[in-house]
Amino acid sequence: MASSSSSPSSSSSSSVIGDSLDELTCPVCLELYKEPITLPCGHSFCCVCLEKRWKSREEVAGCVCPNCLEVFAQKPKLKKNVIIANLVEKLKKTEFELGVEALDAEHGVNVKKEMKPGGTESYCDLCNGEAAKRCLPCEIICCVQHLKLHRQKGHRLVEPGVKIEELRCNEHGKPMQLYCKDDGSLMCLMCTGGQHQNHNVVAMEIAHAEAKDILDEKHARVSQSMQSMTSQLQQVQEEEEQTQQSGRVAEDMLEERRREACQFVNESVDLMKSHINKSKMEKLSLLGKQREKLEQQMESLREGKVTLQTAIQELEASSFLQGCKDLLKRLESMSDFKSAKTPLTVLDFSKEEKNLDVLVKLNKDFLEKIQRLVTSSEGSVKHPEVVKMDRIKLRSLHGQTPSLDPNTALPAIVISQDLRTATLTETEHPYPEHPDRFYFHPQVLSTESFSSGRHYWEVDVNLSRYFKIGICCNSMGRKGPGNACRLGENPKSWCIRKFKSQYTAWHNNQWTFLFVPGNPERFGFLLDCEAGEFKCFADSHVLHVFRGDFTDHVKPAFGIYAAGESIQFCSF
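Not measured: the values here are computed from a predicted model.

Participant: Where do I start with a nonpolar patch on the surface in this structure?
Facilitator: Residues M281, L284 and L287 make up a contiguous nonpolar surface patch of about 260 Å² in total accessible area. Structurally, the position occupied by L284 is in helix α5 (residues 204–313). We classify L284 as partly exposed; its relative accessible area is 47%.

Rendered as structure tokens:
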């Protein structure tokens, strides 16, 4: 590339180079010789060009010179023409030095002393510096120092290893600087007037920036999706490990229960068989004695019959009459057949059958209990002896925080502003008359009532030593002092009671003692209206299960029986 500031010497040298190009150009590829060879006829060619020419022609008569068409019967031995090769190298050097002078003048930097001719993709074409970019308009590779001028002029820069031929238009041979969005192809300036006319064409840099922004956005989304997927995968793996562990524990437990159940059944059946065998032997012994007695009587009857037959048939009248009196006495002394007959009885095993029925029922109940407790509705494995309810799951699925209804509170009970806490005082407060209010018992109900679905709530009893907590029908009595208005002492209420550190479950004035380890500060309640179950929990353990008809609008209820103590609904 020559510059307008080139010296006269460089212009004259350029003419010399132009004259030498014809002599040093291969007549086949029309480019400077590469590994030049000379045939016996005197014409020279690039070794590769000549080999390709001969191979493509496949001459039958021999090898032909592409220039003078002289035929060689045998393929001549090809040797490098050293003279032409040296001339080509000198020409390249001269052309390179002229280009350096022009570039030196253009960049305003003296780099001749450090110039490295024949620069590669790793080095700057102007100096020994490390290659940074290739300038497409100037078609040179530059280091960081020599890129400054090209950046200022807005030249397009690419990586050093990019081939210039790949960035030229195949049709016009010009640098591709534009991008057609309609066709999705690169193009040069001359292509705008052809098939790309009226297309949406932008500069290559703009299209690159837009495409990069789109890919950056996609990359961010993919990265975010991968993070989310990684988290989900980790959770699945943890759940798999927990499921494997809990499954092994449950299987071991069931095997132990099966051994215990089998042992219990075997021992019970063996005990019943022993009892049956004993009864059988006693009965057989009694029957054997009866049989012996009957056989003796039968023998005596046979003897009497023979005697009678003999007397009737053989004795004369005198002999018959003389012995008839003794014979009658002997017959009277024999046991009558009817008197020896005893009624036959069959052994009664109804008691053993009942015991066996009880055993079968126990096993059925045991299996049903395992079936209910081992696998929950979500498919998670549970321990059948101590079922620990997952409070987090209950809260998330069915949890709620009821609010207290001031219109139901005994006048001595104070309700907090957030309607969560009830406190018993020694002073009656001037509450207005209301048909739902308790006037004899220190009790209060919630505003919410339930008749369907599943509902879970928790109660804090940390500030109470004597209380009742549970549910009651909205139709339970309110005015009177009797059991009809007292929690747990009528058919319309169910509750847990604490008194003197003892816990009991109350319904319809009947109570059940409860074993509650420690002194829980919080109780949980799960009401399943459709299933007809009201479960009470203490420290995540099932404390008691009430069963009944809970479709008649039941409400959570408190009973506080010591002044200054409080009970409150827990907030989730």
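Participant: Looking at this structure, how should I read the sheet that holds strand β22 (residues 554–560)?
Facilitator: With antiparallel pairing, the 6 strands of this open sheet are ordered in space as β13-β22-β15-β16-β17-β18. The open sheet terminates on both sides in strands that have one partner only, identified here as β13 (443–445) and β18 (510–514). Strand-to-strand twist in this sheet, taken as the mean axis angle between neighbours without regard to direction, amounts to 20 degrees. Bridge count for strand β15 (residues 467–473) against β22 is 7 bridges, and the pairing is antiparallel. Looking at the pairing, K468 lines up with G559 of β22.

Participant: Honestly, the packing of aromatic side chains in this entry has me stumped. Any pointers?
Facilitator: The relative placement of two aromatic rings is captured by the distance of their centres and the angle of their planes. Taken as a whole, this structure holds 13 aromatic pairs when the rule is applied. Considering the side-chain rings of Y466 and Y561, the 4.9 Å spacing of their centres and the 35 degrees angle between planes classify their relative orientation as tilted. Residue Y466 is located in the loop between β14 (454–460) and β15, and its partner Y561 is located in the loop between β22 and β23 (566–569); the two are separated by 95 residues in the primary sequence. By the ring-pair criterion, three or more aromatic residues cluster together here, those being F450, W457, W494, F525, F534, F546 and F550. When the ring centre of W506 is taken as origin, the NZ or CZ atom of K468, which lies over that ring, is 5.7 Å away.

Participant: Quick question: what am I supposed to make of the environment of F572 here?
Facilitator: With respect to the helices and strands, the residue F572 is situated in the segment after β23. When the C-alpha atoms of F572 and W457 are compared, they prove to be 8.9 Å apart, with 115 residues separating the residues in sequence. Filtering out sequence-adjacent residues up to four positions away, F572 remains in contact with R395, G399, Q400, T401, Y456, W457 and E458.

Participant: Could you clarify how one ought to interpret the nonpolar core in this entry?
Facilitator: In globular proteins that are soluble, nonpolar side chains generally tend to be buried together. The biggest cluster of nonpolar side chains holds 38 residues, and the ones touching the most others in it are I469 and F534. Broken down by element, the residue count for this core peaks at 4 residues, all from β15. Residues in contact with I469, not counting those within four places in the same chain, are V459, V461, C495, I496, F523, F525, A557, F558 and I567. Listed in part, the 18 residues of the second largest apolar core include L24, Y33, F45 and C65.

Participant: Help me out: how do you make sense of the side chain of Q443 in this one?
Facilitator: Following the sequence through the fold, Q443 ends up in strand β13. Judged by its relative accessible area of 0%, Q443 falls in the buried class. A polar contact is formed between the side chain of Q443 and the backbone oxygen of C485, at a distance of 3.0 Å. Filtering out sequence-adjacent residues up to four positions away, Q443 remains in contact with T408, A409, L410, I413, F438, M476, C485, R486, L487, F558, G559 and Y561.

Participant: Hey, could you run me through the pairing of strand β19 (residues 522–528) in this one?
Facilitator: Side chains on a regular strand alternate between the two faces of the sheet. Judged by how many residues are buried, β19 sits mostly within the fold: 6 of 7 residues are covered. Sheet topology places β14 next to β19; 7 bridges connect them, and they run antiparallel. Counterpart to W457 in the pairing with β19 is F525. For β19 and strand β20 (residues 533–538), the ladder comprises 6 bridges, and the chain directions are antiparallel. Within β20, the position partnered with D528 by the bridge is E533. With antiparallel pairing between neighbouring strands as the criterion, β19 and β20 make up a hairpin whose turn holds 4 residues, including G532 at a positive phi of roughly 70 degrees.

What counts and what doesn't
Residues numbered from 1 in each chain as written. Predicted model: local features only at pLDDT ≥ 70, side-chain atom pairs only at ≥ 80, totals over all residues. Heavy atoms only, no water. Patch = residues over 30% accessible without salt bridge, like charges linked within 9 Å, V, L, I, M, F, W, Y side chains within 5 Å. Areas by Shrake-Rupley, 256 points an atom, 1.4 Å probe, with all protein chains shown as cover. Salt bridge = Lys/Arg side-chain N within 4 Å of Asp/Glu carboxyl O. Helix = DSSP H or I, 4+ residues; strand = E, 2+ residues; numbered from the N terminus. Buried < 20%, exposed > 50% of the residue type's maximum accessible area, 1.4 Å probe, protein only. Pairing = 2+ DSSP bridges. Axes fitted to C-alpha atoms, helices over the stretch in contact; angles between N-to-C directions. Phe/Tyr/Trp six-rings, centres within 6.5 Å; stacked < 30°, edge-to-face > 60°. Lys NZ or Arg CZ within 6 Å of the ring centre and 35° of its normal. Contact = heavy atoms within 4.5 Å. Core = buried A, V, L, I, M, F, W, Y, C linked by side-chain atoms within 4.5 Å. Polar contact = N/O pair within 3.5 Å; in protein donor to acceptor, adjacent residues only side chain to side chain.

So yeah, pure geometry; function would need other evidence.
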